[in-house]
Amino acid sequence: MSSVAEILIIRGLMPIESLDAISGDQARDDLQISELISQGVLTDVQVASARAAHAGLPFVELVDYPIDRTAVAMVSAALCRRHDILPLTLQGDSIVVAMADPGDVFALDDIRAATRMRVSAVVAERQDLRNAMNRLLRADGELSDLQSVLEEENRPSAEMVQVTNEALEDDAPIVRFVNLLISQAIQDRASDIHIEPGEHEVRVRYRIDGVLHEMQRAPKQIQNGVTSRLKIMSDIDIAERRKPQDGRLSVIHGGRKVDLRVATLPTVWGEKVVMRILDNSSSSLNLDDLGLLQHNFDVYKKSYTKPYGMILVTGPTGSGKSTTLYTTLNTVAKPEINVITVEDPVEYRMAGINQVQVNPKAGLTFASALRSILRSDPDVVLLGEIRDHETAQIAIEASLTGHLVLSTLHTNDAPSAVTRLTEMDIEPFLVGSALDSVVAQRLARRLCDRCKESYTPVATEIAALGFWIDPDQPVPLLYQPIGCQVCSNTGYRGRIAIHEIMAVSEEIERLAVRRASSAEIKKVAMAEGMLTLRQDGWAKAQMGLTSIEEILRVVA
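Residues numbered from 1 in each chain as written. Predicted model: local features only at pLDDT ≥ 70, side-chain atom pairs only at ≥ 80, totals over all residues. Heavy atoms only, no water.

What the protein contains, in helices and strands, is 21 helices and 18 strands. Expressed as a percentage of the 556 residues in the protein, the buried residues total 50%. Long-range contacts, defined here as pairs at least 24 residues apart, represent 63% of the contacts in the protein between residues at least 6 apart. As presented, the protein carries roughly 26,400 Å² of accessible surface, and 49% of it is formed by carbon and sulfur atoms. (Helix = DSSP H or I, 4+ residues; strand = E, 2+ residues; numbered from the N terminus. Buried < 20%, exposed > 50% of the residue type's maximum accessible area, 1.4 Å probe, protein only. Contact = heavy atoms within 4.5 Å. Areas by Shrake-Rupley, 256 points an atom, 1.4 Å probe, with all protein chains shown as cover.)

Structure follows, in structure tokens:
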């Protein structure tokens, strides 16, 4: 069988001249390979893949690999670290383990003895393997430490938290466990962390790309400790357990500051905690990153470059409205203009912008705050949400008196925003005059670039789904999810926004004054060139960004 070096040469990864230097001595060949890695000629992944081929074993990359935590729990962390191995999955009476050195027979023997199962080996790059071990094995170690401390102290977990808080020990097991949950969620690109108490244990779930995934099951006795620790970090009242509370905390992850919005909810088994991860990198996005089609971008740019008027972004919770607004704000904010926001809560902290946090207990509501900031000489106002008549009235008046107003509204599509404002008892002629454009949006999962597969759909099936195909043109290629290690076998990785942007023309103004229905407004808007959510999704499906199934899932 070819040596590792010969395999690398055959694959065109090592220069052919290296063939003369191959001695057959593994130590000497490994030294030559190491020199080529240090020179940047080879990568560790290429070498690990060649080692797998040399051993006749599969090669895997563990980035987002769907690892079975049951399999991980069957082997002690000490044993895994001693041999650089990690259990991945269970297959019948066999356990699949990833290892950096496929020739380490002692490691295989130890795994076989520890699990009493047959062992199937696959090869992974060493650093990739250690990163996965740090992510997965440390949690088990923290839980074990915590349980042993609780048993040793032999007292209720709530008392232990008080001791920990008084001592402010950063290395206390509960503190480390909470830090681990947060850092792992950020690393896994999660948008939310759910800590859910049950009768016998605590379940931890992460929302990744809009879908919840179970990540941990922790012992019941740490429940109060974890909840109290998060309350302290979020400046929430520890003693109050009977009503929901909100707070905010910040952590440093990978050298950058990440904010989390924390909400507690009393349940029959204790307080549930949900943390929304607010990645501040979103506030540094530019409009090109939003994925707008050129036509939609041109329509939207006409609106936000005007010195006055109102722009509304609509959609359900979690549809990316805040990201769109902050990106727009980041584009229009300049040193020579005054930008003020009123939010509940302030999601992203932005430099050079005056951000006001609503505080109803102190009498600072959206309406009162908006009324006050209009006396602070703003040029651009961002209003977190239009919830009632008073807020809508002041926002409309602000846009009519020379201010650019950005806000959100909960409607299903863009034309419905006009009728929604009139339903809030805003005079129809004011709605037509103030409103400049409405953006409706949804978030669809983005197809994994590594494993997506093109196919030619049947024209009749596409037409039946409501997507239009030009009969004079060939049926366009579409893409479907397949699933690989990178996307955790889901076929999707990341998300993309689907937009519907309606410019308020003179004709739509007249319809607003006549109190026309949203269906009439939509008909006129489409005649004037508005792309509906479904049409925008269809265009992005043809571009290979998402699938037809995803469009149908998020767009009615």
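The discussion continues.
If you check which residues of helix H20 (residues 533-542) are buried, you get Leu533, Asp536, Gly537, Trp538, Lys540 and Ala541. Phi for glycine 544, located one or two positions after H20, is positive at around 85 degrees.

This brings us to the UniProt feature "domain: Bacterial type II secretion system protein E" (unreviewed entry) in the protein. Mapped onto this numbering, the UniProt entry gives "domain: Bacterial type II secretion system protein E" (unreviewed entry) at residues 374-388. For residues 374-388, helix accounts for 0% and strand for 27%, while the C-alpha atoms at its two ends are 18 Å apart. (UniProt positions renumbered as here; feature names shortened; annotations may be inferred.)

Even without being a glycine, aspartate 235 presents a positive backbone phi close to 60 degrees. With respect to the helices and strands, aspartate 235 occurs in the loop between helix H10 (223-234) and strand S7 (245-253). Despite not being glycine, aspartate 425 has its phi angle at roughly 70 degrees, a positive value. Exposure remark for aspartate 425: the relative accessible area of 60% places this residue in the exposed category.

Our next topic: the nonpolar core. In this structure, Met310, Leu312, Ile386, Leu421, Leu435 and Met502 are the most contacted members of the largest nonpolar core, which totals 42 residues. Not counting residues up to four positions away in its chain, the partners in contact with leucine 421 are Leu312, Ala392, Ile396, Leu409, Ile426, Val431 and Leu435. (Core = buried A, V, L, I, M, F, W, Y, C linked by side-chain atoms within 4.5 Å.)

Spatially, the 6 strands line up as an open sheet ordered S6-S5-S4-S9-S8-S7, and their pairing is antiparallel. At either margin of the open sheet sits one strand with a lone partner, and together these are strand S6 (211-219) and S7. On average, each strand axis in the sheet is inclined to that of its neighbour by 20 degrees, with strand direction left out of account. Direction of pairing for strand S4 (residues 190-197) relative to strand S9 (residues 270-278): antiparallel, over a ladder of 4 bridges. Bridge pairing in S9 links isoleucine 195 to valine 273. Packed onto the sheet, H10 meets S4, strand S5 (201-208), S6, S7, strand S8 (256-267) and S9 and runs at close to 85 degrees relative to S7. (Pairing = 2+ DSSP bridges. Axes fitted to C-alpha atoms, helices over the stretch in contact; angles between N-to-C directions.)

Before going further, it helps to examine empty space enclosed by the protein. For the coordinates displayed, the defined rule picks out 2 cavities of 30 Å³ or more. If you trace the largest cavity, you find it lined by Phe177, Ile195, Glu196, Pro197, Val202, Val204, Ala218, Ile222, Gln223, Val226, Thr227 and Glu271. Listing elements by their share of the lining of the largest cavity, those giving two or more residues are S4, S5 and H10. (1 Å grid on protein atoms, 1.4 Å probe; cavity = no way out; pocket = protein on both sides within 12 Å on 5 of 7 lines; lining within 4 Å. Points joined across faces, edges and corners; volume = space filled by probe spheres on them.)

Residues separated by three or four positions in an α-helix point in the same direction, a consequence of the helix having 3.6 residues per turn. For helix H19 (residues 518-527), the complete set of buried residues consists of Ile521, Val524 and Ala525. Projected down its long axis, H19 carries its buried residues within an arc of 100 degrees, all on one side. With respect to the buried face of H19, the exposed residues turned more than 90 degrees away are Ala519, Lys523 and Ala527. Among the structural elements, helix H15 (416-423), strand S18 (492-503) and helix H18 (506-513) are those in contact with the buried residues of H19. (Arc of directions from axis to C-beta.)

The topology assignment puts aspartate 128 in helix H7 (residues 126-153). Under the relative-accessibility criterion, aspartate 128 is labelled buried at 14%. A polar contact is formed between the side chain of aspartate 128 and the backbone nitrogen of leucine 62, at a distance of 2.7 Å. (Polar contact = N/O pair within 3.5 Å; in protein donor to acceptor, adjacent residues only side chain to side chain.)

Another aspect to go through is the packing of helix H9 (residues 173-187) against H10. The geometry of H9 relative to H10 is characterised by a closest axis approach of 10 Å and an angle of 70 degrees between their N-to-C directions. Classified by the interaxial angle, the pair formed by H9 and H10 is roughly perpendicular. Residues Ile174, Val175, Phe177, Val178, Asn179 and Ile182 of H9 pack against Gly225, Val226, Arg229, Leu230 and Met233 of H10. Of the residues belonging to the contact of H9 with H10, the class tally is 8 nonpolar, 2 polar and 1 charged. (Parallel < 35°, antiparallel > 145°, perpendicular 65-115°, else oblique. Nonpolar A, V, L, I, M, F, W, Y, C, P; charged D, E, K, R; others polar.)

All chains considered together, the criterion is met by 1 aromatic pair. Judged by centre distance (5.5 Å) and plane angle (65 degrees), the rings of tyrosine 300 and tyrosine 304 are edge-to-face. Here tyrosine 300 pairs with tyrosine 304, and both are found in helix H11 (residues 294-304), just 4 residues apart, close to one helical turn. The same class applies to tyrosine 300 as to tyrosine 304, namely buried. One Lys or Arg, lysine 452, reaches over the ring of tyrosine 479 and ends 5.2 Å from the middle of that ring. (Phe/Tyr/Trp six-rings, centres within 6.5 Å; stacked < 30°, edge-to-face > 60°. Lys NZ or Arg CZ within 6 Å of the ring centre and 35° of its normal.)

Atom-level detail of predicted coordinates should not be read off regions where pLDDT is low. Mean pLDDT over the protein works out to 82, with 83% of the residues at or above the 70 mark. Note that residues 154-168 has pLDDT below 50 and, in this model, 22 contacts with residues that lie over four places away or in other chains. (pLDDT = per-residue confidence, 0-100.)

Note: strand S2 (residues 94-99) against strand S3 (residues 118-123), 6 bridges, orientation parallel. Bridge pairing links isoleucine 95 to valine 119 in S3. In this fold, S2 hands off to helix H6 (residues 105-115), which returns the chain to S3; that crossover is right-handed. (Right-handed = clockwise from strand over helix to strand, strands pointing away.)

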